Structures are given as C-alpha cells and as structure tokens.
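Structural overview
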Amino acid sequence: MTTHLPATTGRQLGRRSWAEPWKIKMVEPLRVTTPAERAHALAEAGYNTFLLRSEDVYIDLLTDSGTSAMSDRQWAGLLLGDEAYAGSRNFYALEEAVRDTYGYRHVLPVHQGRGAEHLISQIAIRSGQFVPSNMYFTTTRLHQERAGGVFVDVIIDEAHDPQSEHPFKGDVDISKLESLITRAGADQIAYISLAGTVNMAGGQPVSMACVRALRELCDQYRIRLFLDATRMVENAFFIQEREEGYADKTIAAILREFCSLTDGAWMSAKKDSLVNIGGWLALNDADLFEEARNLVVVFEGLHTYGGLAGRDMEAMAIGITESVQQDHIRARIGQVRYLGDLLTAADVPVVRPVGGHAIFLDARRFYPHLTQDEFPAQTLAAELYLDSGVRAMERGIVSAGRDPKTGDHHHPKLELTRLAIPRRVYTQAHMDIVAEAVEAIYAQRDSAKGLIMTYEPRYLRFFQARFDRP
Ligand code: PM9
C-alpha cells in the first residue's frame, strides 16, 4: 500500500509542493456567526445539520454532492443550452461523453442519482429477490427495498473496522457472495450492486481484482453486475496509486477498464462530474435499456432530457471530461488527505485509510461515553457546528434507518460523522480552520451529552429528523 501525503509542506519534506490546478475567478462571501446565533440556529433546526439555513453556516462540509465549483468552460456551456423538449443537442453531447468516458452503450439522463436508482430498481428487481451489495447507501438501498428487493451486505469485514488499513476496503467478499448465491439460487439474485468508493465505509475504493473476480462469478451464474459510478473517478485514482500494474495507466483508461467489467451503471453526476445537478443511467443490454427508456417518461421526463435542462446536460458533458484529468483528481484527493493528515496528527479518531471525498470522524471513539442510541455521530455534528459554524453530516445509526421487516433500528458498526469536501470550492486555509474546530471539540469531548430523537420521518430519516437535548 502506498502511504499518503503528510500534512507538511513540500519544503519541509525536501521536495516541491503541489497546488490546486486552478485559480479563483469569482468569490462568494462567507458569513461568520456568533456562538449565540449558532446555538439559536441549531435549536431551530432540531439539532439536524440538514435543517440549518446555509447562510448560518461558515464552512459547509455537509456534502460533496452538487456543491462543486464549475469551471469557466462549464459556465460557458450553460449558454449553449438547447432547451428543446425533444432531441436537444446537449443530450447528444452528454451521451457521447458518457460513452467515451465510461464506455456504456445506452444512456439515459436523469435529474440526479436517485432518479436512476429508482429506474434500475424497478426494472431489474423482482419482489423477494436479493440485492447483494458492498455495504449500503441510503437512497440506493431504499429504492431497492421499495422495489421488493432484500439488501444483503457482502463487503469484506475490514470495511466495518474504522482502524483497518486495508487498501481496498470497498471490495466484495467473494466467498460471502458465492455462499448467498448457492444458498438462494442464482435466479433469486436480482443483480450485484457494486459502488465505486464506498461512501458509508469512508469513501473506500474497490480494486480492479475484485471487479474482475465479480465479472467471472457473474458470468458463471448468469447474474448482472451494476455499478454505482457516482465516485468511480476517485476509485480509479486509488487503483492507479495502490494496485499493481496500474501506476502508468491514466485515470481515464482505468475507469474504462473497470466499467467494461460491469453491465451498466447509475450515476449521481453531482459528485465526480462537477455539476450542481444531474445524473444518468447507462446500460449495455438493449432490451433492459428499452424498459428504462419507457419508464423514464413516467418519472423524470422524455429520454432526451430526463428532468434536466439542456444547459445542465452540457455542463455535465464538460464536467465528465474535466473529472478524469490527472491534475484535477490528484488535487481533489490531495485536499481531502491534507485535512485527514492534520486530524490524524492531532490523534483525532478518523476512518483509516482516508478515502476519496471526505474525512469520517469515528464518533464511537470520539465519544466513548455515549451509547449508539444517544446518537454520538449526530451529537458530534451538532457540537462541531456550535463551536465553529462548520457543517458536517451524521453517517451512523440515524442514516442507517430501520429494518423494513422488523421495524427495529439498524445498528451499524460504523458510527461516523462525515466532513465531505466539495470539489474546487475551499482552500487549504479553510481546511486548517476545520481541523482546529474538530480538535477544539475533541479537547472537550468528555462533557458532550447525547441527543434524543423527537421526530422521525418514514423515509431517509437523517434528512428531516429532529432531535433535542435530553
Ligand atoms: N450522496 C451524499 O451526500 C447526497 C445525499 S444523500 C446524503 O453523499 C451514492 C454513492 C451517493 C449518492 C448521494 C447517491 C444518490 C447515490 N450513490 O443525491 O440522488 O453518495 O444525486 O445520488 C449524497 P443523488
């Protein structure tokens, strides 16, 4: 495994520093609030950072989704929007970009990732079928379950251990998967749902060796393999860095090779592809695509716009080509690591190794005196906001939701608070502020009290749930 860049300057290390491969052309002022203003805003928001107004936030690390800064070329692309209801030229630009970069044959635009998750779940899952996956993602699993699927976690055990340094913690445990297939029968497997860089595990990558083994298994049992390509460019970076034989291959080539081993993919372009809205579903099978193309008109819009404006599709097409540039991805992951290194150096418990899009604070080790039912990760996000106006997101028991059959809370092993870094938005100085804020609440960790949930919505409760101090 290759070690990551330490949080020191190049000069201290006797080598030249690197910097972001862009300069800033337009700025958006940030508002600094007082502790009293933050206490008021957080109480109003029911201690849920999703319910804060963004103008009450100083540094916003809620998500890297739809929060990227677009390039001057993407902004120029907006002016090329062809807002025809049908057959917009921007659709053809998007189709070409997805075909060239990801390699799939048939492409449908959708308004964002979950639009594609909805379509693929509806057309590829029969009620009662299993959907094995490398850990869960909130919206993905919900759509699979709403289609009657039964989610089964087949990720390697190391993924559930925040301290394991395994270089590919997103890998599927092939023996777990094969034993499910032989137990249930191949016909009872809807498809393998594979995510590139596993969000809920800490942005952990999947190796090329793993997807190759999955392809073989899928061919043997005639099961389809679909990819959540949302952060697959970041995944390609880790393969280039860590997997033997890939150091000299481009990100674009690694991405194409990985996707070529799968049968199709869904995409939230709001992440890797550097746009504020958009997504797609791409499939190689013409018959399955035909079903998706028919269903898209019911939920998203005609198959040549899928709920998007022409200008959105143009920005996405340009973002796709920018996303696979080596200097972009190196700087993007470099910035995440910079923050991770600062926190690691301060002995703050974070998920190791640092992943692609975020730093995940290990709330169990941060607040060992809180039980999981006291919502330690939600508490940590609240305390961080109160201290500094930095907004993070809970990724633990609240996000995991309830078992649809028993109605009981899922109790995930990982109880994490995520600091997701938007792409091309914040500077290194912002990362320093964030690290200092986390260190400050870590120093006061013993006095933190948990939360109680006062309102629980039925679906994806982490978005809208409300909490209070006990
Ligand atoms: N991810 C994130 O912040 C946005 C909201 S959910 C908290 O991480 C994966 C791996 C995702 C993802 C969204 C989606 C859904 C699918 N797969 O948000 O619908 O991380 O575009 O994509 C969020 P959309």
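For the structure itself, look to the data block above.
Just so you know, these numbers come straight off a predicted model, no measurement behind them.

Looking now at the site of the ligand. Around the ligand sit 20 residues, and of these T63, R114, D228, S268 and K271 come closest. At 2.9 Å from an oxygen atom of the ligand is found a side-chain nitrogen or oxygen belonging to N199. One of the side-chain N or O atoms of S268 is found 2.6 Å from an oxygen atom in the ligand. Considering each element in turn, the shell around the ligand owes the most residues, 3 residues, to helix 4 (residues 113-124). Considering only residue class, the shell around the ligand consists of 4 nonpolar, 8 polar and 8 charged.

Enumeration according to the criterion identifies 12 aromatic pairs in this entry. An angle of 80° between the planes, with centres 6.5 Å apart, marks the rings of Y136 and F151 as edge-to-face. Taken together, the positions of Y136 in the loop between strand 3 (130-133) and helix 5 (138-146) and F151 in strand 4 (residues 150-153) put the pair 15 residues apart, joining distant regions of the chain. Neither residue differs from the other here; Y136 and F151 are each classed as buried. Through successive ring pairs, a cluster of aromatic residues spans F50, F462 and F463. Just above the ring of F151 sits the side chain of R141; from NZ or CZ to the centre is 5.7 Å. Sitting over the face of the ring of F462, R395 holds its NZ or CZ atom 4.7 Å from the ring centroid.

With that settled, consider the packing of helix 1 (residues 35-44) against helix 14 (residues 376-388). Running from N to C, helix 1 and helix 14 point in directions that differ by 150°, and their axes come no closer than 8 Å. The angle between helix 1 and helix 14 falls in the class roughly antiparallel. Residue-level inspection shows R38, A39, A41 and L42 of helix 1 in contact with helix 14, the latter providing A382, Y385, L386, D387 and S388. Per-class residue counts for the contact of helix 1 with helix 14 are 6 nonpolar, 1 polar and 2 charged.

What follows is about the state of the cysteines. Disulfide: a covalent bond formed between the sulfur atoms of two cysteine residues. Tallying each qualifying case throughout the model produces 0 disulfides. C210 forms no disulfide, and the closest cysteine sulfur to it belongs to C218, at a distance of 10 Å.

Another aspect to go through is the layout of surface pockets. Volume-wise, the second largest pocket comes out at about 470 Å³. Those elements that place two or more of their residues in the lining of the second largest pocket are helix 5 and strand 4. Tallying contributions element by element places strand 4 first for the lining of the second largest pocket, with 3 residues. When grouped by side-chain class, the residues that make up the lining of the second largest pocket number 9 nonpolar, 6 polar and 7 charged.

Moving on: helix 5. The buried fraction of helix 5 amounts to 7 of the 9 residues, a majority that puts the element mostly inside the structure. Taken residue by residue, helix 5 has T138, T139, T140, R141, L142, H143 and Q144 as its buried positions.

Within the open sheet, the 3 strands sit side by side as 9-12-11. Their pairing is antiparallel. The sheet is open, and its two edges are formed by strand 9 (358-362) and strand 11 (393-395), each paired on a single side. For this sheet, the mean inter-axis angle between neighbouring strands, taken without regard to orientation, is 35°. Relative to strand 12 (residues 416-420), strand 11 runs antiparallel, the two sharing 3 bridges. Residue pairing for strand 12: E394 is matched across the bridge by T417. In the packing of helix 12 (residues 326-345) onto the sheet, the strands contacted are strand 9 and strand 12, and the crossing angle to strand 9 comes to about 25°. Sheet strands in contact with helix 14 are strand 9, strand 11 and strand 12, and its direction is about 45° off that of strand 12.

The rules behind the values
- Here the residue numbering is sequential within each chain, running from 1 through the sequence in written order.
- Where local features are concerned, this predicted model is filtered to residues with pLDDT of at least 70; where side-chain atom pairs are given and counted, the filter is 80 or more; whole-chain, interface and lining totals use all residues.
- Hydrogens and water molecules were not included; the side-chain quantities draw on all heavy atoms of the structure.
- We call a residue near a molecule or strand whenever a single non-hydrogen atom of that residue lies within 4 Å of it.
- Two N or O atoms form a polar contact when they lie within 3.5 Å of each other; inside protein one atom must be a possible hydrogen donor and the other a possible acceptor, and for residues adjacent in sequence the pair counts only when both atoms belong to side chains.
- For the purposes of this entry, the term helix denotes a DSSP run of H or I that reaches at least four residues, the term strand denotes a run of E that reaches at least two, and both are numbered from the N terminus.
- Classification convention: Asp, Glu, Lys, Arg as charged; Ala, Val, Leu, Ile, Met, Phe, Trp, Tyr, Cys, Pro as nonpolar; all other residues, Gly among them, as polar.
- Working definition: rings of Phe, Tyr and Trp (its six-membered ring) pair if their centres are within 6.5 Å, and the pair is stacked with planes under 30 degrees apart, edge-to-face with planes over 60 apart, and tilted otherwise.
- For each residue, the accessible area found with a 1.4 Å probe, counting protein chains only, is set against the maximum for its type, and the residue is called buried under 20%, exposed over 50%, and partly exposed in between.
- Charge-over-ring placement is defined geometrically: NZ (Lys) or CZ (Arg) within 6 Å of the ring centre, and within 35 degrees of the ring normal.
- Lines are fitted to the C-alpha atoms to define the axes, a helix being fitted only along its stretch in contact, and any angle between axes, read from their N-to-C directions, falls within 0 to 180 degrees.
- An angle below 35 degrees is read as roughly parallel, one above 145 as roughly antiparallel, one from 65 to 115 as roughly perpendicular, and any other as oblique.
- Any two residues whose heavy atoms approach within 4.5 Å are treated as being in contact.
- In this description, a disulfide is simply a cysteine sulfur pair whose atoms lie within 2.5 Å.
- Think of a 1 Å grid over the protein atoms and nothing else: a 1.4 Å probe that fits but is trapped marks a cavity, an open set flanked by protein within 12 Å on at least five of seven lines marks a pocket, and residues with an atom within 4 Å of a point count as lining.
- Grid points are joined across faces, edges and corners, and a volume is the space filled by probe spheres set on the points.
- Note on pairing: two strands pair once DSSP finds at least 2 bridges between them.

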